[in-house]
Each structure stands twice: as C-alpha cells, then as structure tokens.
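Geometric and topological summary
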Amino acid sequence: MRLWLRTRQIPVLAAALAAYAALTAAAGDTLVSLPSLGSDAARPLVLFAPLLVCMGLALFLSSRLPAAEASGSRPVSRFDQALVLATVLTTVAVAQTVTVLLDAQIANTAGRNTAFLVGLMLCARRIAGHQVAAITPVAWVITMMLIGNSGGNGEAHPWTVILMPPDHTPAALAATAMLALGVASAPAAPMLRDAN
C-alpha cells in the first residue's frame, strides 16, 4: 500500500484538487467571451476547472510500476478505481459548497463536468493509452467551445454535456454514465500499448 501511494504521486493529485477548488471559487458565475464558430455566446470560466483534476488523474494513473503491480497480490487496480471515484466525489462536493457559499449557480456545473471529462479520459486511456487520455478532456472542451452552439442564439447542443446549465438532468445522467463506463474500464490494460 505504501509503495502504491508513493508511486502514484498522491501529492500531485492533491495539488490538482486544491487548484480546482481555488479556480472554482474564484470563477464562480464569471462568464468570458471565447472564440466560437456558432455564436458569440460567453462561456463560464469554471468550464476549465475540471481540466486541472483530469491532468492530475492522468499523471496519477500513468505513474505505474507495471511489473511489480502485475506480480503483486494487492488489488492495485481497485485502489486506482477507488481513488478516481473519491476524487470525482470530492470535486462534486467542492462545486456544491462553492454554489451554496458564494451563491454561484454556474459553479455547480464543475462537479458534473469533472465526472464527464474524467470518464471520457478513462475511456480514451483504455482505447488509446496514456498519452491520448491526457489530452482528450482538453480536446473535448476546446471542440465544444468551438462547435457546441446550435446557431446564432447561443444555446448549446445537448450532446456537449459540459455546456449545459446546472439543472440539466440529461447532462447529469450522461456524466454519471460516462464516469461509470470509464471507471469500469480503468483496470483493463490499454488496447494500444503506450510507447516506452
């Protein structure tokens, strides 16, 4: 267990969570104008907070000792799954706390978006390996900002998930399903081997 904690670089993940909490609290309901192909709709600054957690988890999951983990008797993959779920639940709790304390309703989307993007990252890790997994959440956020609008009215397409308002139930269900799929695929080795 100690080797797992040391190998997985838990302090880096803790720093990512602290940065996520700070950005979520600082951003609140702040909207920023970003380039978009569909309209000139302003986007919440808190949209970028989940990327900090995704980067921390990507580093956490890529710091492995494959030979020792394969030959050991400890269920290392279960430890990884548990820590991923605990991390996402922490982000949801932080987002809820910021929403209540600062009365910033948009900040509540940070937890849902983190669940979706972490699940997406874990699925990408299973299909294409660690390097692709690390950039997948960033690529999703940038792509959705560019093409996620449904025309000139600035409304986002429902399939973007991360651009939906805080009370959008289908987005919450999609985020939950994506996280469950990602966590279920986490123990499996990538289909494509990462280059050493």
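Note that the coordinates shown come from a computational prediction; the quantities given were computed from them, not determined experimentally. (Residues numbered from 1 in each chain as written. Predicted model: local features only at pLDDT ≥ 70, side-chain atom pairs only at ≥ 80, totals over all residues. Heavy atoms only, no water.)

With respect to the overall build of the protein
Broken down by element type, the protein carries 8 helices and 2 strands. Mapped in sequence order, the helices and strands of the protein form the string α-α-β-β-α-α-α-α-α-α. By the burial criterion, 44% of the 196 residues in the protein qualify as buried. Put simply, 74% of the contacts in the protein that link residues at least 6 apart link residues at least 24 apart. (Helix = DSSP H or I, 4+ residues; strand = E, 2+ residues; numbered from the N terminus. Buried < 20%, exposed > 50% of the residue type's maximum accessible area, 1.4 Å probe, protein only. Contact = heavy atoms within 4.5 Å.)

Re the layout of surface pockets
Reported here for the second largest pocket is a volume of approximately 240 Å³. Forming the boundary of the second largest pocket are 15 residues, of which V92, G111, R112, A172 and T176 lie nearest the centre. When contributions to the lining of the second largest pocket are tallied by element, the ones reaching two or more residues are α5 (76–102), α6 (109–128) and α8 (169–185). Per element, the largest residue contribution to the lining of the second largest pocket is 5 residues, and it comes from α8. Split by residue class, the lining of the second largest pocket holds 9 nonpolar, 5 polar and 1 charged. (1 Å grid on protein atoms, 1.4 Å probe; cavity = no way out; pocket = protein on both sides within 12 Å on 5 of 7 lines; lining within 4 Å. Points joined across faces, edges and corners; volume = space filled by probe spheres on them. Nonpolar A, V, L, I, M, F, W, Y, C, P; charged D, E, K, R; others polar.)

Overview of the nonpolar core
Ranked by internal contacts, the top residues of the largest apolar core, which has 46 residues, are L57, F116, L117, V118, M121, L122 and I162. Considering every element that reaches this core, the biggest residue donor is α6, with 10 residues. Not counting chain neighbours up to four residues away, the residues in contact with V118 comprise C54, L57, V84, V88 and L179. (Core = buried A, V, L, I, M, F, W, Y, C linked by side-chain atoms within 4.5 Å.)

So, helix α7 (residues 130–147)
With 18 residues, α7 should reach 26 Å at 1.5 Å per residue; the first-to-last C-alpha distance of 26 Å fits that figure. The largest bend along α7 measures about 35 degrees and falls at T136, with the proline P137 one to four residues further on. Of the surrounding secondary structure, the elements contacted by the buried residues of α7 are α3 (49–62) and α6. (Expected span 1.5 Å × (residues − 1). Bend = angle between axes of the 7 residues up to and from the residue.)

What about a nonpolar patch on the surface?
On the surface, I142, L146, I147 and W159 cluster together to form a nonpolar patch covering roughly 350 Å² of accessible area. Looking at the secondary structure, you find I147 in helix α7. Of the residues examined, I147 reaches a relative accessible area of 41% and is grouped as partly exposed. (Patch = residues over 30% accessible without salt bridge, like charges linked within 9 Å, V, L, I, M, F, W, Y side chains within 5 Å. Areas by Shrake-Rupley, 256 points an atom, 1.4 Å probe, with all protein chains shown as cover. Salt bridge = Lys/Arg side-chain N within 4 Å of Asp/Glu carboxyl O.)

Considering empty space enclosed by the protein
According to the stated counting rule, one finds 1 cavity of 30 Å³ or more in the structure shown. Counting residues per element, the ones that place at least two in the lining of the largest cavity are α3, α6 and α7. For the lining of the largest cavity, the class distribution of residues is 4 nonpolar, 1 polar and 1 charged.

Here's the deal with the packing of helix α2 (residues 10–27) against α3
Helix-helix packing is described using two parameters, namely the angle between the two axes and the distance between the axes. At a closest axis distance of 8 Å, the pairing of α2 and α3 adopts a crossing angle of 175 degrees. The angle between the axes of α2 and α3 places the two elements in the roughly antiparallel class. On α3, the residues touching I10, V12, L13, A16, L17, A19, Y20, L23 and T24 of α2 are A49, P50, L52, V53, G56, L57, L59 and F60. (Axes fitted to C-alpha atoms, helices over the stretch in contact; angles between N-to-C directions. Parallel < 35°, antiparallel > 145°, perpendicular 65-115°, else oblique.)

Notes on the packing of α5 against α8
Direction vectors running N to C along α5 and α8 enclose 155 degrees, while the axes themselves pass 9 Å from each other. With respect to their mutual orientation, α5 and α8 come out roughly antiparallel. The two elements α5 and α8 cross, and the hand of that crossing is right-handed. Mapping the contact onto sequence places Q81, V84, L85 and V88 in α5 and L179, V183 and A184 in α8. Partitioning the contact of α5 with α8 into residue classes produces 6 nonpolar, 1 polar and no charged. (Left-handed = near helix turned anticlockwise from the far one by under 90°.)

Some details on the side chain of T99
Tracing the chain through its elements places T99 in helix α5. Engagement of the side chain of T99 in a polar contact is seen with the backbone oxygen of A95, the distance being 2.8 Å. A distance of 3.1 Å separates the side chain of T99 from the backbone nitrogen of N108, its partner in a polar contact. Setting aside residues up to four positions removed in sequence, T99 forms contacts with A104, Q105, A107 and N108. (Polar contact = N/O pair within 3.5 Å; in protein donor to acceptor, adjacent residues only side chain to side chain.)

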